[in-house]
Amino acid sequence: MGLLSDPNRRRALISLLTRLNSPICVVCYMAGVAWFMGLAFEPFTLRTYMSENAMGSTMVEERFPAGERALTTGREFSAHKKKAGGMPVDWLVKTMQARGLEVFTQRFSRKLPFPDENKERYMVKGTNVYGILRAPRAPRTEALVLSAPCTPGDSNNQAVGLLLGLAQYFRNQIYWAKDIIFLVNEHDLIGMQACITFSPDSCRGGSIQAALSLELSSDVITSMDLVLEGLNGQLPNLDLANLFYAFCQKIGVLCTIQGKLQRNDWDSVSGYSHSVQTMMLMVMKQASGRPWGDHGLFLRYHIEAASIKGINSFRQYKTDVTTIGRLLEGMYRKLNNLLERLHQSYFFYLMPSLSHFVSIGYYMPAFGLLAVILLLRALDLWVQLATPPPRTEDGITDKEQVSSPGVLSVLTPLVISHLTGVALYTLPIQFQEMAVEQFPVSETEAVVLTAIGVYTAGLALPHNTHRLLSGEGTEQGWRVLKLVAVLYLAVLLGCTALINFSLGFILALTLVPVAAFVTPHVPKVLSAFILVILSPACTLLFSVFFFQELQELPVSFQEGWLLYLSVISQGILDHFLYGSLVYPLIALLVYPCWLLFWNILFWK
Amino acid sequence: FDTSAPETVDPSSVPQPKDDFQEELVIRPLHSGDIYASFQFRTVWETDFMRGNKVSHYRLFPKSLGQVISKFSVRELHISFTQGYWRTMQWGQPFQPSPPGAELWVWFQDSAECKVYAAGCVDGTWKELTNVLSGIFCASLNFIDSTNTVQPSASFKPLGIGNETDHRFLRYATLPREIVCTENLTPWKKLLPCGSKAGLAVLLKSEKLFHSSFHSQAVHIRPVCQDWQCKTTSWELRQTLNVVFDLHNSAQGKREWSLFKMFSRTLTEACPLASSSKIYIDITDNPQGEQFEVSPATPLLSQAVVLGDRRTFSVYDLTQQITFGTVRSLNLLIRWKSSEGDMLRPLLHAERYVAGYGLQTGEIHTLMYNNHPYRSFPVLLLDSVPWYLRLYIHTLTVTSKGKDNKPSYIHYQPSKDRLRPHLLEMLVQLPPNSVTEVTVQFERALLKWTEYTPDPNHGFYVGSSVISSLVPSIVAMDTNSTRERPLFSSFFPCKEESSYFVRVYTEPLLVNLPTPDFSMPYNVICLTCTVVAVGYGSLYNLLTRSFQIEEPSPGLAKRIANIIRKMRGVPPL
């Protein structure tokens with residue numbers, strides 16, 4: 001306790017921290033990475049368990065019999081879809097009405113900020129059809145959602161068929177306590193957003209407690225895949241994943257997460273690398289901030305949601321649609337039993353396999369070890385700035401005596417780099433039309449290339465900053481600037497990691513070394529190269545390749561580059577369509593922060 | 001026995017109580033294939049509970065309610081228990097609307113005890129009354145307190161005679177969370193003169209009534225005119241029970257209904273105490289028998305104007321032996337011939353929802369639909385919102401057809417934390433063929449941790465909005481009230497010829513409030529202890545310690561030298 005009040009011991013501690021600063025930083029970095037990699041090791045993780053009482057002890061029987069009929073309905077739907085050349089609204093309305101649902105349609109239209117080349121859409125017009133099964137004697141206060149997207153082409157017909165089959169079966173049961181909304185949405189997430197965002201004709205059935213989105217494109221499947229990652233890396237309550245896993249076990253359906261089956265040989269190297277792969281896929285997906293299924297937008301409304309995808313691979317063991325129907329029936333009956341919203345289990349977790357999870361308490365230290373490096377560096381700089389510390393009676397160093405390097409020399413780079421960030425955020429959309437007129441590119445290319453252009457132009461910043469600065473930068477000057485930048489980065493990454501751990505961790509992995517080593521006195525060319533390699537844009541590029549590698553779909557550099565461009569355009573679109581935060585975070589905060597370090601490197 | 005009271009008269013001279021009991025059941029096959037059954041039991045008694053008159057001889061009128069009226073100086077009492085939400089879009093208007101949960105509204109007499117304006121007096125009576133009713137109906141009406149009671153200024157006018165409309169004597173409360181089940185049905189049935197032993201009440205078996213889409217039971221007490229000139233008044237007790245059976249759940253999808261299938265009983269007799277006992281079947285949509293077929297057929301037809309529509313009914317008079325036929329039992333059967341399930345377009349309906357995300361603010365949207373092709377009409381909107389949703393009344397907007405629609409009357413009473421709810425009443429003109437949207441933003445309050453319900457993550461209920469209106473009628477109303485009319489058509493008094501009274505309830509809302517993690521106290525204790533131990537400890541240490549420059553301790557040689565010098569008696573170095 002006397003540690004802080006005893007000037008001698010305080011001095012000793014500080015001198016230890018400054019003397020051993022670099023080794024401690026290196027050890028922290030290593031320990032952080034090692035801790036993170038250890039998270040995938042099964043003995044270090046917890047088994048999943050059902051926390052919610054209302055779903056745990058109650059037994060339900062699954063009796064859904066009509067898989068074949070659902071497939072016939074799916075084929076009928078497919079035929080009508082072809083005939084209508086899109087969503088067969090009238091047929092769906094009639095079919096849902098015949099099944100005793102209250103049917104509504106919702107028209108929506110949306111103009112994208114620039115054309116989406118992946119999905120080939122710009123002016124989007126569509127219709128959602130949803131039928132509400134009103135629970136008997138319930139006052140319309142609570143609802144569950146089951147949705148299936150109506151996609152162009154031949155996919156997902158079985159999902160719609162099964163949805164209608166389940167609607168018919170559910171309608172004849174008496175035990176429902178919550179309304180069930182059966183939704184067929186067009187234009188995937190855009191339709192979904194129209195449905196959830198409240199407007200006079202949006203999907204309403206009281207407060208929605210849980211939602212599942214079903215994707216199914218074949219008559220038989222080998223496994224069911226669970227997708228959890230939603231907008232901005234939000235995850236549903238872990239109990240929803242537990243529920244899915246419990247019913248897969250009960251009914252005997254192979255279930256996967258990130259498309260990876262779980263393995264039992266955790267003690268072998270291949271078993272470990274398998275769970276590392278699974279966990280890294282989740283980290284990459286979460287870090288991207290994109291909704292990875294149609295459920296992704298529900299999470300913002302505090303509605304627990306997940307997507308379930310049927311996968312048909314070359315395995316021997318096949319599961320028919322009746323069994324999937326029974327799986328969903330079981331899940332909905334248990335959700336129907338809920339008295340409160342799902343809240344008992346974790347909201348922040350990583351899953352190295354479907355049966356194991358890493359909670360926030362376990363993964364946060366990994367990030368903490370990286371973040372502490374920034375604080376150590378800041379302490380080091382602070383001490384350096386304050387040396388020689390004039391010894392006064394009570395051991396407090398007098399700051400007035402240190403010659404301050406002027407507010408301008410710190411403020412100017414801060415302001416200029418943030419202005420560059422603002423340019424990066426606004427210019428790509430603003431100048432797309434001009435770019436299309438001037439250069440032979442499409443709108444999408446224009447947006448992406450403008451973004452890259454602005455990003456690269458920002459690298460010329462140090463020279464411009466110095467032109468504005470009065471006089472030469474002093475030795476003290478860059479130290480103060482670096483102190484500010486390091487603390488700024490620490491706060492920035494800390495906040496990001498709290499909201500989206502994966503994004504925060506990946507950014508910390510690359511930016512923390514930069515922040516730690518950069519000074520004006522390191523070899524310029526080599527350091528500049530390392531700095532660029534570790535900049536946010538290159539991190540994204542590597543992430544794209546790494547992600548492909550994890551998915552076991554390696555790409556050539558050419559393909560990877562194209563993928564990279566499309567990822568940028570998707571990120572910008574996600575922001576403007578659904579409010580994803582990754583693009584503004586990178587453009588307005590992370591990139592300017594990185595520019596500060598770039599500035600320090602070229603300090604004159 | 002107080003003989004000095006002038007009102008007390010010799011018991012022998014008391015005339016026989018003039019009371020009368022009627023029972024009826026209306027069955028309406030609905031568009032959706034579901035079936036709506038509405039029971040009404042009406043007891044009229046020419047007596048005076050008021051002015052200290054001690055009524056001690058009861059015949060048909062239930063004594064428990066009679067005592068309540070006289071003890072609490074009740075002028076009118078309306079109580080309903082509803083399980084489920086009436087689906088106006090599929091079923092049309094109900095005969096007696098009611099919101100999900102429990103609803104209670106009472107007009108008190110301007111009695112001797114509460115002569116002067118003393119709100120406390122009425123409030124005290126109201127508190128006692130709700131507790132007594134809670135016992136009578138076996139419901140949690142005792143949860144009605146000042147935080148969910150309002151005094152609407154315009155929406156709830158007395159339905160019986162009397163010209164007192166000072167809303168200080170009115171109390172209105174709803175409990176949207178109240179769950180209605182058999183324990184509420186049994187005491188309700190016990191109020192009937194024949195109990196559930198005879199008459200229509202034998203059909204009221206709970207295992208069937210609660211296997212339905214909608215269930216609502218109510219008790220209405222009001223003073224009415226005995227005759228056309230209204231020279232004498234009498235007390236009317238109406239007990240109503242409305243139930244909708246679901247085609248899919250109870251009929252296994254077969255479009256065929258019978259009394260036995262609906263209630264698992266058939267009828268064999270009327271209640272012997274009833275002066276009239278009838279079953280009406282709504283055959284308006286089925287004039288030629290092309291939609292459905294009713295058996296046994298009856299020659300008796302009756303026409304009535306109900307809810308602005310002239311309806312035709314087949315009538316079965318249970319007091320006539322012939323109704324029961326040779327088998328001495330009546331099992332009405334309705335068999336559908338065609339199937340249709342289109343949505344209706346009721347002239348007035350409403351819905352409500354909460355928009356926005358996050359746990360800080362939100363927005364309540366109330367949508368009111370006027371589907372009349374060319375007539376606009378005014379509606380009275382009543383909203384009672386609990387205090388923990390803090391309404392930002394300056395954000396109140398009313399829009400119809402994209403234009404601002406200024407309400408002609410607004411009565412707003414702000415809430416007081418933990419004392420009373422918000423009350424908002426508005427008179428809004430609904431343009432023809434339009435949707436009027438009322439929005440108001442609110443902030444979610446953070447409750448004290450003991451104020452949360454045992455299941456805080458379920459959410460908190462906000463009772464239904466009430467929309468009362470005179471809706472333009474399709475047919476001219478028959479105002480000759482002396483004519484014999486079925487009970488279901490004579491509930492709301494209606495003076496205007498070309499319109500009829502409708503009350504619509506929106507769905508209740510379920511709103512999530514910011515909820516703490518209730519294992520938090522443990523964490524807080526741990527955290528606080530740590531903070532106190534580490535932070536406060538070291539700060540306290542710094543503040544209380546006096547700092548001195550320490551003399552550098554002398555070296556070993558010097559110390560030895562000093563000891564020797566001390567022994568020698570010379571001053572130390």
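Residues numbered from 1 in each chain as written. Chains lettered and ligands numbered in written order. Predicted model: local features only at pLDDT ≥ 70, side-chain atom pairs only at ≥ 80, totals over all residues. Heavy atoms only, no water.

> Before we move on, can you summarise the pattern of salt bridges with the specific residues and values?
Evaluated as defined, the whole model comprises 27 salt bridges over all chains. The salt bridge partner of Asp265(A) is Arg263(A), with a shortest N-O separation of 3.1 Å. Here Glu236(B) makes a salt bridge to Arg222(B), at a shortest N to O gap of 2.8 Å. Residue Glu236(B) is found in strand E8 (residues 233-245), and its partner Arg222(B) is found in strand E7 (residues 214-225); the two are separated by 14 residues along the sequence. You'll find Glu236(B) and Arg222(B) in the same group, each marked buried. Linked by salt bridges that have partners in common, Glu102(A), Arg134(A), Arg140(A) and Asp179(A) make up one network. (Salt bridge = Lys/Arg side-chain N within 4 Å of Asp/Glu carboxyl O. Helix = DSSP H or I, 4+ residues; strand = E, 2+ residues; numbered from the N terminus. Buried < 20%, exposed > 50% of the residue type's maximum accessible area, 1.4 Å probe, protein only.)

> Please give an account of the confidence of the model for chain B that cites residues and values.
Residues and elements named next belong to chain B. Counting all residues, the mean pLDDT for chain B is 83, and 88% of those residues have values of 70 or more. With pLDDT under 50 throughout, residues 1-14 is counted as low confidence; its partners more than four residues away or in other chains account for four contacts. This stretch, residues 476-482, has a pLDDT under 50; its non-local contacts, to residues over four places away or in other chains, come to 12 contacts. Across the whole predicted complex the pTM is 0.87, and at the interface the ipTM reaches 0.84. (pLDDT = per-residue confidence, 0-100. Contact = heavy atoms within 4.5 Å.)

> Talk me through the side chain of Glu102(A); I want residue IDs and the actual numbers.
Residues and elements named next belong to chain A. Mapped onto the secondary structure, glutamate 102 falls in strand E2 (residues 102-116). Classification of glutamate 102 as buried rests on a relative accessible area of 4%. Of note is the side chain of glutamate 102, whose polar atom sits 3.2 Å from the side chain of arginine 134. (Polar contact = N/O pair within 3.5 Å; in protein donor to acceptor, adjacent residues only side chain to side chain.)

> Now, about the UniProt feature "transmembrane region" (unreviewed entry) in chain A: what can you tell me, with residues and values included?
All names here are of chain A. The UniProt entry lists residues 20-41, 360-379, 407-425, 485-518, 525-547 and 581-603 under the feature "transmembrane region" (unreviewed entry), expressed in the numbering used here. As annotated, residues 20-41 has a helix share of 82% and a strand share of 0%, and its two end C-alpha atoms lie 31 Å apart. Here residues 360-379 is 100% helix and 0% strand, with 27 Å between the C-alpha atoms at its ends. (UniProt positions renumbered as here; feature names shortened; annotations may be inferred.)

> Break down the packing of helix H2 (residues 21-38) of chain A against helix H17 (residues 501-517) of chain A for me, with residues and values.
All names here are of chain A. Direction vectors running N to C along H2 and H17 enclose 150 degrees, while the axes themselves pass 12 Å from each other. Of the possible angle classes, the one that applies to H2 and H17 is roughly antiparallel. The hand of the H2/H17 crossing is left-handed. Taking contact as the criterion, the partners of Tyr29, Gly32, Val33 and Phe36 in H2 are, on H17, Phe501, Phe505, Leu509 and Pro513. The residue inventory of the contact of H2 with H17, partitioned by class, reads seven nonpolar, one polar and no charged. (Axes fitted to C-alpha atoms, helices over the stretch in contact; angles between N-to-C directions. Parallel < 35°, antiparallel > 145°, perpendicular 65-115°, else oblique. Left-handed = near helix turned anticlockwise from the far one by under 90°. Nonpolar A, V, L, I, M, F, W, Y, C, P; charged D, E, K, R; others polar.)

> Describe the interface of chain B and chain A, listing the residues and the values that go with them.
Between chain B and chain A, the residue contacts involve 43 residues of the former and 36 residues of the latter. In total, about 3400 Å² of surface goes out of reach between chain B and chain A, with carbon and sulfur atoms giving 55% of it. Remark: the boundary between chain B and chain A carries one salt bridge. Across the salt bridge formed by Asp246(B) and Arg171(A), the nearest N and O atoms sit 2.9 Å from each other. There are 10 residue pairs in polar contact (both at pLDDT 80 or more) connecting chain B and chain A. Elements that contribute at least two residues to the side of chain B that touches chain A include exactly E7, helix H6 (247-250), strand E15 (348-355), strand E16 (361-370) and helix H8 (520-544) of chain B. Of all the elements, H8(B) adds the most residues to the side of chain B that touches chain A, at five residues. Class assignment of the residues belonging to the side of chain B that touches chain A gives a composition of 20 nonpolar, 15 polar and eight charged. (Buried area = accessible area lost by both parts, 1.4 Å probe.)

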